[in-house]
Amino acid sequence: MVFRLVLWSVGRLLALASRISARLRAQLTRDMSVSIGSRDGVARSYVFRNRRVSSHTGLEPTAHCTLLFQTAAEGGQIFLAPDCIAQVVKGLASKEIEL
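All of these numbers come straight from a predicted model, not from anything done at the bench.

Colleague: Which parts of the structure should I look at to understand the overall build of the protein?
Modeller: Each helix and strand counted, the protein has four helices and four strands in total. Listing every helix and strand of the protein by position from the N terminus yields α-α-β-β-β-β-α-α. Taken along its principal axes, the extent of the C-alpha atoms in the protein is 35 × 30 × 25 Å. The buried share among the 99 residues of the protein stands at 33%. Sequence-distant contacts in the protein: of pairs separated by 6 or more residues, those separated by 24 or more amount to 56%. Per element, the accessible surface of the protein, about 6,400 Å² overall, is 58% carbon and sulfur.

Colleague: Explain the packing of aromatic side chains to me, please; I cannot follow it from the model alone.
Modeller: As enumerated under the stated definition, the model contains three aromatic pairs in all. Pairing Phe3 with Phe79 gives two aromatic rings, centres 5.8 Å apart and planes at 70°, and the pair type is edge-to-face. With Phe3 in helix α1 (residues 2-20) and Phe79 in helix α3 (residues 72-80), the pair connects residues that are 76 residues apart, well separated along the chain. By relative accessible area, Phe3 is classed as buried at 1%. In this structure Phe79 comes out as partly exposed when scored by relative accessible area, which is 22%.

Colleague: Looking at this structure, how should I read unusual backbone geometry?
Modeller: Negative phi is the rule for most residues except glycine; trans is the rule for most peptide bonds. The phi dihedral of Arg51 falls on the positive side, at around 60°, and the residue is not glycine. Overall, Arg51 belongs to the partly exposed group, its relative accessible area being 39%. Despite not being glycine, Lys95 shows a phi value in the positive range, around 70°. Take Lys95: it is sitting in the segment after α4 (84-93).

Colleague: Looking at this structure, how should I read the sheet that holds strand β1 (residues 32-38)?
Modeller: Paired through backbone hydrogen bonds, the strands of a sheet run either parallel or antiparallel to each other. Pairing in this open sheet of four strands is mixed, and the strands run β3-β2-β1-β4 from one edge to the other. Two strands close off the open sheet at either side, each with one partner strand: β3 (52-57) and β4 (65-69). With direction set aside, neighbouring strand axes in the sheet form an average angle of 15°. In this sheet, β4 lies alongside β1 in parallel orientation, the contact comprising five bridges. Bridging across to β4, Ile36 finds its partner in Leu67.

Colleague: Explain the state of the cysteines to me, please; I cannot follow it from the model alone.
Modeller: A covalent bond between the sulfur atoms of two cysteines is what we call a disulfide. Summed over all chains, the structure comprises zero disulfides. Between Cys65, a free cysteine, and Cys84, which holds the nearest cysteine sulfur, the sulfur-to-sulfur gap is 14 Å. For Cys84, a relative accessible area of 16% gives the class buried.

The rules behind the values
- Residues numbered from 1 in each chain as written.
- Predicted model: local features only at pLDDT ≥ 70, side-chain atom pairs only at ≥ 80, totals over all residues.
- Heavy atoms only, no water.
- Helix = DSSP H or I, 4+ residues; strand = E, 2+ residues; numbered from the N terminus.
- Buried < 20%, exposed > 50% of the residue type's maximum accessible area, 1.4 Å probe, protein only.
- Contact = heavy atoms within 4.5 Å.
- Areas by Shrake-Rupley, 256 points an atom, 1.4 Å probe, with all protein chains shown as cover.
- Phe/Tyr/Trp six-rings, centres within 6.5 Å; stacked < 30°, edge-to-face > 60°.
- Pairing = 2+ DSSP bridges.
- Axes fitted to C-alpha atoms, helices over the stretch in contact; angles between N-to-C directions.
- Disulfide = S-S within 2.5 Å.

Have a look at this one:
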């Protein structure tokens, strides 16, 4: 449940920021989609189109990048950790997280 809430929150905050922040819109230079999920079914896709961000549940079949955790509990734990990026890199290196 935590992982689902974190992914939803990230989507809402990115969507809001893409509407009010000129700095963020300046960084969104091309259209693409990214999916983040777990093997046990929790997933969210983020679509970057026309310098705006939207999100929806599920994995995007045409995603440019998909990040898959083994379980939703593991994904939530990693996303809420202070050293989140280091844990994702470590998980990718050890094949515990798929890209």
